[in-house]
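# Summary of structural features
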Amino acid sequence: MGDVDPVVQVFSVAVSGIAPTPALFKELNTINSSIRFARIFWVREQVLIESEMVGEGVEPADFDNACRAVATITDHYGPLLAERFGGKTAFADEKTEPTGPAAPPEDVQARTGQYL
């Protein structure tokens, strides 16, 4: 692998407008030690959740797993971090219940090869 290998990044802004503090960084390190297939970090007044994969040969199932991991971690930790450290989640006013896997429309279920 070199610097020219394609990389697929899946990310989410878990909290925006959040100030960097030692307590926040300690909490992010604690979270990183317990989550799998993603990482959480602070950059430019935001807490991001991100997963990366080697782009060459990404399978749809792998991409789906990365999206689900990022979404699940964001939905769980975003509100907790915003409540404790300030900032705002992207859909704080819109979400009323946890998200779950959505079934694809019937016309999409039969297709196997899709472009990313």
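For the structure itself, look to the data block above.
Given the structure is predicted, the values throughout are model-derived calculations rather than measurements.

Helix and strand counts for the protein come out as three helices and three strands. Put simply, the protein runs from its N terminus to its C terminus through helices and strands in the order β-α-β-β-α-α. Taken over 116 residues, the protein has a buried fraction of 25%. Put simply, of all contacts in the protein between residues at least 6 apart along the chain, 70% involve residues at least 24 apart. Total accessible area on the protein stands at roughly 8400 Å², and carbon and sulfur atoms take up 54% of it.

Another aspect to go through is the packing of aromatic side chains. Applying the stated criterion across every chain, the model contains one aromatic pair. Ring plane angle 75 degrees and centroid distance 6.0 Å describe the contact between F25 and W42, whose orientation is recorded as edge-to-face. Here F25, found in helix α1 (residues 22-32), pairs with W42, found in strand β2 (residues 39-43); they are 17 residues apart in sequence, far enough to count as distant. Overall, W42 belongs to the partly exposed group, its relative accessible area being 24%.

Quick look at helix α2 (residues 60-85) now. Under the 1.5 Å per step criterion, the end-to-end length of α2 is 36 Å for 26 residues, consistent within 8% with the ideal 38 Å. Maximal helix bending in α2 amounts to about 30 degrees, located at Y77; proline P79 follows within four positions. Taken residue by residue, α2 has A66, A69, V70, I73, T74, Y77, G78, L81 and A82 as its buried positions. Against the buried residues of α2 lie β1 (7-16), α1, β2 and β3 (46-54). Once α2 ends, the next one or two residues include G86, with phi positive near 90 degrees.

This part takes up the sheet that holds β3. Two strands in a sheet stick together by hydrogen bonds in their backbones, pointing the same way (parallel) or opposite ways (antiparallel). Taken in spatial order, the three strands make up an open sheet running β1-β3-β2, and their pairing is antiparallel. Where the open sheet ends on each side, the last strands, each with one partner, are β1 and β2. On average, each strand axis in the sheet is tilted by 30 degrees relative to the strand beside it, whichever way the strands run. With five bridges joining them, β2 and β3 adopt antiparallel strand pairing. Each bridged residue has a counterpart across the sheet, and for V43 the counterpart in β3 is Q46. Sheet strands touched by α1: β2 and β3. Its angle to β2, the strand with the most contacts, is close to 160 degrees. Its contacts with the sheet put α2 on β1, β2 and β3, and the angle it makes with β1 is roughly 15 degrees.

Thresholds applied
- Each chain has its residues counted from 1, running along the sequence as written.
- In keeping with the predicted nature of the model, local features appear solely for residues at pLDDT of at least 70, side-chain atom pairs appear and are counted solely at 80 or more, and the whole-chain, interface and lining totals rest on all residues.
- Calculated side-chain values reflect all of the structure's heavy atoms, with hydrogen atoms and water omitted.
- Runs of H or I in DSSP of at least four residues are treated as helices and runs of E of at least two as strands, each being numbered from the N terminus.
- Buried means the residue's accessible area, taken with a 1.4 Å probe over protein chains only, is under 20% of the maximum for its type, while exposed means over 50%, and partly exposed covers the values in between.
- In this description, contact between two residues means that some pair of their heavy atoms is separated by no more than 4.5 Å.
- Exposure was quantified through the Shrake-Rupley algorithm and a 1.4 Å probe, taking into account, for residues, occlusion by the shown protein chains and nothing else.
- The pairing test for Phe, Tyr and Trp rings, Trp by its six-membered ring, is centres within 6.5 Å, and the orientation test on the planes gives stacked under 30 degrees, edge-to-face over 60, and tilted for anything in between.
- Under the convention used throughout, the expected extent of a helix is 1.5 Å for every residue step, that is, one less than its residue count.
- Working definition for bend: take the seven residues up to and ending at a residue and the seven starting at it, fit an axis to each, and measure the angle between the axes.
- Pairing between two strands requires that DSSP report at least two bridges joining them.
- Here the axes come from fitting lines to C-alpha atoms, over the contacting stretch only for helices, and the angles between their N-to-C directions go from 0 to 180 degrees.

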